[in-house]
Structure formats: C-alpha cells, structure tokens
Amino acid sequence: MSVPPPSPADGRHRRLPFAHLNLRRNPFGELPLEDWPALTVLDVDRLLATLRSPPRCVQLLGDKGRGKTTHLLLLRARLAPEAPYVHFPEDAPAPPVPEGEPILFLDETQRLSRRQRARLFAETLRRGAALAIGTHEDHRAELTRAGLPVESHHVGDCSPGRLEAIIASRIEAARRGPGELPRVGEAAVARLVDRFGDDVRGATFHLYEVFQTLTEIGDVEV
Amino acid sequence: MSKCDLKIVLDRPDRVYQVGEMVTGHLDVVVNADCTCNGLKISRYWQTHGRGNRASGGQDEEILFTGQWRPGQTDRYPFEFEVPAGPLTYHGHYLNVDWYLHATADIPWAFDPKTTEEFIVEKGDADELGDHPLGDRLASHPMQAMASTMGLACGLAFGAFFLVPGCIFSVVMTILSISEGQPMMLIGAGMGLVFALVGIVLAFFALRNTIAQRKLGPVTVTLEPDRVNAGQESRLHVHFSPKSAADLNGLTATLRGKEVVVSGSGTNRSTHSHIFHNEQYTLLESERVAAGEDVDRDVLIEVPGDAPASFAAPDNRLVWEVEVHVDIKSWPDFKSSQGVIVLP
C-alpha cells in the first residue's frame, strides 16, 4: 500500500494552514500552557475569594483530563500571574517548591510524599500564605490535620453548555480573520457529551481529527 | 482600544519564499493616543503546531523604532529577513511546521499591541546535501542502535518481570489447591499462567531477531547513503547465509515516512504516530534457501521527489525509515529498521 505524502506539488504546503476554514491552525491541537487561561470558560470567583484571604488552600480534585491544570492556571492568571506554578512529574524527581512566596500553585500534589505534603501545608499555615493545588487524591484530611483551612472543588463538570463554550472559545482563538468560522452546534455537542461524558480532553482530541478532515466552513458533524 | 495598532504587510502577496531569499515587507503603525514606544520589534521564527507539544526555533529579531508617537500618526517601517535553510513549511496530520513574523510594541503602562503573520518557506535551488540545518542533529541521533539495544533489554526485563512471578504464583497456587483441597485456588493458578504467558510474549518479541538469526546466520543490512535529498536513491543491501536450510516466505523492504509527536506531560504524556508514506519493495519471493547459500540482495530505494524533509524538534519529529523483513516459514521473522535522513 502506498499513501502519497503531502507534497508541495499538490499545493498543500503553499497554502497558509487552515486558511480554508478561516483559521490559523487546528483549534483542538496541543496548546502551550500560557494560552490555557485565556481559553477557559470557568467561573472561579468563589475560589479566588478563598485564595484572597490566606492562610487557605484551594484543592482542585479530579481525574485525568478533567481540567485541574486549566483551573490552576486560570486562578494564577487572575490572581498572581507571576506566582510560581510547579508541576510534579511522574517519572522525574520532584522540582523544589519555591520558598517565601505569598501564593503557590502546585499541580499533581498526590506525587509528593505524605511527609513532604505535611511540611508544605504546615509551612503555608505558618507564613499565612495561600496555596492552590491540583490532585487526583483528596488531601482534605491531611490539610485539616495541619490546621490549614481548605476549600475543595471537584473538577469535572462537563455540561453540554460548558463544553459548547469551550469548543467555541478554542475555535475563536484560532480565528484567522473576520467572517464565518466552522460551527459545532448543540446537537453535535450533545453527541460529544453522550460519547465522552466528562472527559473534555477526549472530546477535544476527537474534534482534532474531525477538523483535519474539514474542507469548508459550515456545521461540523462529529 | 490599544494606544496603537500594528499590521504586518509582506511584499509578496502569496507569502511563498524560497530558502536563501529575503522576506521583505513593512510594519504599519496607526497611533491612537500619545505614547512612548520603548521598542517596536519584529521577530522571525518557526513553530510547530498540531497534536504535539509546541516547539519553536530559528529566532531572529530586529528593533524597528524607539521613540515618541503622536495620535493620528501613521508610520511605515520596512523590514527584511533572510529565509534560513530550514525547516521548510510542512502541513501534515499531527505535525505542522510554520514560519511566523511577530511584531510587538513595548508601550509602558499600557497594553502592548502585537500581531503575527505566517509565511511559507519552500525548498530553494541552492539546497545541497548536507545544508539542512537539522541534518547534523538528526544524524547525531544514534536512534537505531540505541533503540534495538534498549528494546532488547527492556523486552527481556519486562518479560522476566511477568514470567518469573507468574510461574511462581501459578505453581504455588496449584500446590495449595491440591494440598488444601481447594479447587477455587486453581483460578489463581490460571491467572499466574496468564501473567507468565504475557512474559513469554514480551521475551519472544525482544529475542525475535536473535532467534531468527539462529536459522539465517548473521543478517547484514546496509543503506548507502543514509542521507539523501528528496528524489534521490539509496542502495539497500541485505546479506545472510543460513546455517540450515530455510524456507522463506519472502524478503521485503518498506520505505516508511511518519510523523511522531508527543503531547502533554507527566501521566498525560502520550505519543502519536501517523504514517504518511508506506512503500514496499520485494527483494525475494517465496524460496527455499540451502544451508550455507549466500543470499545477497540489493535494491534502490527511491525517496519521492516531493518527500517532506526529516525534522527533529522536542516532542515533534518527521522520520523516514527502511524496514527490512525476512519472513521465515514456521520460524520467528527477522525485522530491522534503518533510519534515512531526507534533506529537502
């Protein structure tokens, strides 16, 4: 079997990317972290209020792909864009947590040891600082033991309305110029919710493939 | 509204440039309010987009103006950049590489206006073998040797990880089942066997080529040259001399082009591959080869004239490889991959 490669000869590389859809790129491709906050459609006012009255911790709890990092980055962008954001990787040593900061944004804290977390929570309380964490595991018991007031928020709401707003914001962010854009309507969003539930990442990955095949602006079938 | 608006205008309306040419144009500034500009900057760079994490490079920048602007003023600042030797513009399935011009004005105590436009970079006539800016980086990847050694070690390690505990668990559960008269424990023994079976399969794949070479003898695969321009040929040579008579279903070589990108980080990190070119060459049909008989086969592998160039950036790669497959009847097959660096 031979699949012809995309070639300059077919003109594909001589066109600006996704110009036929009035877009600059596939809206559902991977985004750099700094672009995330601008594309979120979350209401985080209550969580912001909590972080504004330290010492407190906001815990964002949820499974993979549900939006913990998006929430954290949005809180950081709204509250303290220069504050440290630390992601604890699975397959590498934990990076150091900056000391003396009035607010910290820490992602995947379930990868820290209990002892490391206990020290972190105690230090946050002692300095009267604020802490926002993203985690798969509920740390409420540990936070309570450390005496650090916590507000826990379960991440994972994927109502059709929210998903539709996420999709619309990502398409809009990839806009090339004035005029029409591809539309993912209510019925298509309902089908995505049926198929992917609250897995927003799964739904956007699917839309990536769909947008690769679109040839003209119009209603998008999923 | 920002204190000024920026617009990049390229002199060439189709925005298509060849390597070595100059990208020329101007940056229009429309001033809406009195302001000081600490730097009107335009930069040129490439960036990937698509399914993989973004990568970028080739940065060059120029300061076009610093000073005071008055409302109603409209200024035009010309710029020019040389188009580097690569990477070329590429629009694939998971991987896209585009070139950009990005302009920004540093306005103190106000929103910094900015604008971005793409341009397209095509192969130039001046391209010669070895001029590819990523050529050395691609060539310096000892991918094949490392992958095969690591593949063998990992396969054996994982195989042992499943096989040994699986066997022990199965034996212990069987003994307990008999001695305790508990037939339900045989389910545990069965699970142990499944575990062991997974280990056997992993070890088999790790040792497949070693087993195949017990029949074929050492298999030598060479590809000369392994750096070619699109449209050029590379000679593949395969040699082996079976230790015992071998029935072969065939000997094939497959030229494959694929995009390999990585998205996410940590537990969300995942690799996505897309094969965009898959072309098979038959070096030998079904045949019985006698013990000690030399099998020497040569084939010219032609890289298509419009083949996209090899590309390597963090989390984003476009790779070409030739896979040799010796299909041995009733015996594990021999498979080996050789990387080819395709220059524009």
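Along each chain, the written sequence defines residue order, and numbers are assigned to residues from 1. Working convention: letters from A go to chains and numbers from 1 go to ligands, in the order in which they are written. Note on the predicted model: pLDDT of at least 70 is required for a residue's local features to be given, and 80 or more for side-chain atom pairs to be given and counted; whole-chain, interface and lining totals, by contrast, use all residues. Neither water nor hydrogens contribute to the side-chain values; these are computed over all heavy atoms in the structure.

A. Up close: the overall build of chain B. The helix and strand tally for chain B stands at three helices and 19 strands. The C-alpha atoms of chain B give a radius of gyration of 29 Å, which is well past the 20 Å a tight globule of 344 residues would have. Principal axes of the C-alpha set define a box for chain B whose edges measure 95 × 60 × 25 Å. Exposed residues in this analysis have more than 50% of their type's maximum accessible area, buried residues have under 20%, and partly exposed residues fall in between, with area computed by a 1.4 Å probe over protein chains only. Within chain B, the proportion of its 344 residues that are buried is 47%. Two residues form a contact once any of their heavy atoms are found within 4.5 Å. In chain B, once contacts between residues fewer than 6 apart in sequence are set aside, the share between residues at least 24 apart is 71%. Surface exposure here means Shrake-Rupley accessible area, sampled with a 1.4 Å probe, where a residue is shielded only by the protein chains that are shown. Total accessible area on chain B is roughly 16,400 Å²; 56% of this is exposed by carbon and sulfur atoms. Runs of H or I in DSSP of at least four residues are treated as helices and runs of E of at least two as strands, each being numbered from the N terminus. The size measure is the radius of gyration over C-alpha atoms, and the globule rule it meets is 2.2 Å times the number of residues to the 0.38 power.

B. The arrangement of the environment of Asn32(B) in detail. All names here are of chain B. With respect to the helices and strands, Asn32 occurs in the loop between β3 (22-31) and β4 (35-50). Judged by its relative accessible area of 26%, Asn32 is partly exposed. Remark: the alpha-carbon pair of Asn32 and Thr74, spanning 42 residues in sequence, is separated by 9.4 Å.

C. Geometry of the sheet that holds strand β10 (residues 220-224) of chain B. Residue and element names in this part refer to chain B. Spatial ordering of the open sheet is given by β10-β12-β16, a layout of three strands whose pairing is antiparallel. Two strands lie at the open edges of the sheet, namely β10 and β16 (295-302), each paired on one side alone. The sheet shows a mean angle of 15° between the axes of neighbouring strands, direction not considered. Strand pairing requires that DSSP identify at least two bridges connecting the strands. The convention used is that axes are lines fitted to C-alpha atoms, helices contributing only their stretch in contact, and that angles between N-to-C directions extend from 0 to 180 degrees.

D. Examining the side chain of His91(B) more closely. Note on placement: His91(B) falls in strand β7 (residues 90-91). The class for His91(B) is buried, based on a relative accessible area of 5%.

E. Structural context of the pattern of salt bridges. Residues and elements named next belong to chain A. What makes a salt bridge here is a side-chain nitrogen of Lys or Arg within 4 Å of a carboxyl oxygen of Asp or Glu, nothing more. Going through the model one piece at a time under the given rule, you end up with 26 salt bridges over all chains. The salt bridge partner of Glu142 is Arg117, with a shortest N-O separation of 2.8 Å. One end of the pair, Glu142, is in helix α5 (residues 140-146); the other, Arg117, is in helix α4 (residues 114-127), with 25 residues separating them in the sequence. Take Glu142 and Arg117: they sit in the same class, and that class is buried. Arg183 is the salt-bridge partner of Glu180, the closest N and O atoms lying 2.7 Å from each other. Relative accessible area serves as the criterion here: at 35%, Arg183 is assigned to the partly exposed category.

F. Spatial organisation of the interface of chain B and chain A. Taken together, the contacts link 33 residues of chain B with 31 residues of chain A. A salt bridge links Glu118(B) to Arg24(A), with the nearest nitrogen and oxygen atoms 3.2 Å apart. Polar contacts, as used here, are pairs of N or O atoms within 3.5 Å; protein pairs need one atom able to donate a hydrogen and one able to accept it. Residues neighboring in sequence count only if both atoms are side-chain atoms. Viewed at the interface, chain A and chain B are joined by 11 residue pairs in polar contact (both at pLDDT 80 or more). Listing elements by their share of the side of chain B that touches chain A, those giving two or more residues are β4, β7, β8 (95-105), β9 (114-122) and β14 (270-284) of chain B. Sort the elements by how many residues they give to the side of chain B that touches chain A and β9(B) lands first, with five residues. In this classification, the charged set is Asp, Glu, Lys and Arg, the nonpolar set is Ala, Val, Leu, Ile, Met, Phe, Trp, Tyr, Cys and Pro, and all remaining amino acids, among them Gly, are polar. Taken together, the residues of the side of chain B that touches chain A sort by class into six nonpolar, 18 polar and nine charged.

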